[in-house]
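If you want the building blocks of each chain, they are given just below.
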Amino acid sequence: MALRSILEYPDPRLRTRAQTVTTFDAALGTLIDDLLETMYAAPGIGLAATQVDVHQRLVVIDVSDERNAPLVIINPEIIEREGEAKTEEGCLSVPGIFDEIKRATRIRLRSHDRAGQVNESEYTDLLAVCIQHEMDHLEGKLFVDYLSQMKRERIRKKLDKERRERTAEAARGAGGARRAY
Ligand code: GNR
Ligand code: NI
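These figures come from a predicted structure and were not determined experimentally.

Calculation criteria
- Residues numbered from 1 in each chain as written.
- Chains lettered and ligands numbered in written order.
- Predicted model: local features only at pLDDT ≥ 70, side-chain atom pairs only at ≥ 80, totals over all residues.
- Heavy atoms only, no water.
- Donors = N, O, S within 2.8 Å, 3.2 Å for Na, K, Ca; no water.
- Helix = DSSP H or I, 4+ residues; strand = E, 2+ residues; numbered from the N terminus.
- Buried < 20%, exposed > 50% of the residue type's maximum accessible area, 1.4 Å probe, protein only.
- Contact = heavy atoms within 4.5 Å.
- Pairing = 2+ DSSP bridges.
- Salt bridge = Lys/Arg side-chain N within 4 Å of Asp/Glu carboxyl O.
- Axes fitted to C-alpha atoms, helices over the stretch in contact; angles between N-to-C directions.

Peer 1: Even after reading the chapter, I still don't get the coordination of the nickel ion (ligand 2), so can you show me in this structure?
Peer 2: Each donor-metal-donor angle would ideally measure 109.5 degrees in four-coordinate tetrahedral geometry, or 90 or 180 degrees in six-coordinate octahedral geometry. Looking at the nickel ion (ligand 2), the protein donor atoms are C91 (SG), H133 (NE2) and H137 (NE2), and they sit 2.1 to 2.3 Å from it. In primary-sequence terms, the residues that donate to the nickel ion (ligand 2) follow C-x41-H-x3-H. Of the two residues, C91 is situated in the loop between β4 (85-89) and β5 (99-103) and H137 in helix α2 (residues 125-138); the sequence distance between them amounts to 46 residues.

Peer 1: Could you clarify how one ought to interpret the side chain of T50 in this entry?
Peer 2: On the secondary structure map, T50 appears in the loop between β1 (46-48) and β2 (58-61). The buried category is assigned to T50, whose relative accessible area is 0%. Excluding residues within four positions of it along the chain, T50 makes contact with L7, R13, L14, T16, A18, H55, H137 and L138.

Peer 1: Mind showing me how you'd approach the pairing of strand β7 (residues 118-124) here?
Peer 2: Sheet faces and side chains relate simply in a regular strand, where the side chains alternate between the two faces. The pairing of strand β6 (residues 106-112) with β7 spans seven bridges and is classified as antiparallel. Across the sheet, H112 pairs through a bridge with V118, a residue of β7.

Peer 1: Looking at this model, I keep getting lost on the pattern of salt bridges. Mind explaining?
Peer 2: If the charged atoms of two oppositely charged side chains come close together, the side chains can form a pair. If you walk through the whole model with that rule in mind, you get 25 salt bridges. Where E139 meets R57, a salt bridge forms, and the shortest distance between an N and an O atom there is 2.4 Å. With E139 in the loop between α2 and α3 (149-178) and R57 in the loop between β1 and β2, the pair connects residues that are 82 residues apart, well separated along the chain. Judged by its relative accessible area of 10%, R57 falls in the buried class. Across the pair K102 and E84 runs a salt bridge, and its minimum N-O distance is 3.8 Å. Here K102 is found in strand β5, whereas its partner E84 is found in the loop between β3 (71-82) and β4, with 18 residues between them in sequence. Residue classification places E84 among the exposed positions, given a relative accessible area of 60%.

Peer 1: Could you clarify how one ought to interpret the sheet that holds β1 in this entry?
Peer 2: Pairing between sheet strands relies on hydrogen bonds along the backbone, with the strands arranged either parallel or antiparallel. Strand order across the open sheet formed by five strands is β1-β2-β3-β6-β7, with antiparallel pairing between neighbours. For this open sheet the edge positions go to β1 and β7, each flanked by a neighbour on one side alone. Taken pair by pair, the neighbouring strands of this sheet meet at an average axis angle of 40°, ignoring direction. When β3 meets β6, the two strands line up antiparallel, connected through six bridges.

Peer 1: Would you mind showing me how to read unusual backbone geometry here?
Peer 2: Cis peptide bonds are those with omega within 30 degrees of zero, and the linkage from Y9 to P10 qualifies with 5°. Geometrically, the link from A42 to P43 is a cis peptide bond, its omega value of -5° lying close to zero. Position of P43 among the secondary structure elements: in the loop between α1 (26-41) and β1. Phi at N75 takes a positive value of approximately 50°, unusual for a residue other than glycine. Relative to the assigned elements, N75 resides in strand β3.

Everything listed is a geometric property; what it means functionally is a separate question.
Rendered as structure tokens:
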């Protein structure tokens, strides 16, 4: 198993539309395990393959408090949706930003599991919200796309500034380490 690095907004690779998974082999199993490990380490309640620059229709989710209920969802299709509510969302690809997004409160989903078996189930509340958030990633869409252009611009500037500060900090650190007095 291995941790994968998570792409951050506004990385253009997050805009890639993912391809249908057609081969349920050992390599897919490794990718699933890496996604789960990366999600738990982050920590997050979901992770789409898109976020680690793998453009396949695959997401992992665990909304349990105990972090012991992993869900693997492949080639998801919403076949029914009902209700509407706003939930405060965040995203590992938009770190530190939270805002309210309107989503369906109940969905019926058709998807494949890791063995390639087709499954149909209903999901509600946070799990339904999380699945819709992850499915957006597979389409190259981010939760900030639902916000105003003004908010999105502010978010992009804040993340740019934080990244610049992290880079400067790392450069100072490396400079210090290079001096072997
Ligand atoms: O960790 C996450 N929390 C979250 C909270 C509310 C709605 C959606 C999410 S998903 C997010 C992890 C992530 O970025 N998945 O793509
Ligand atoms: Ni996300």
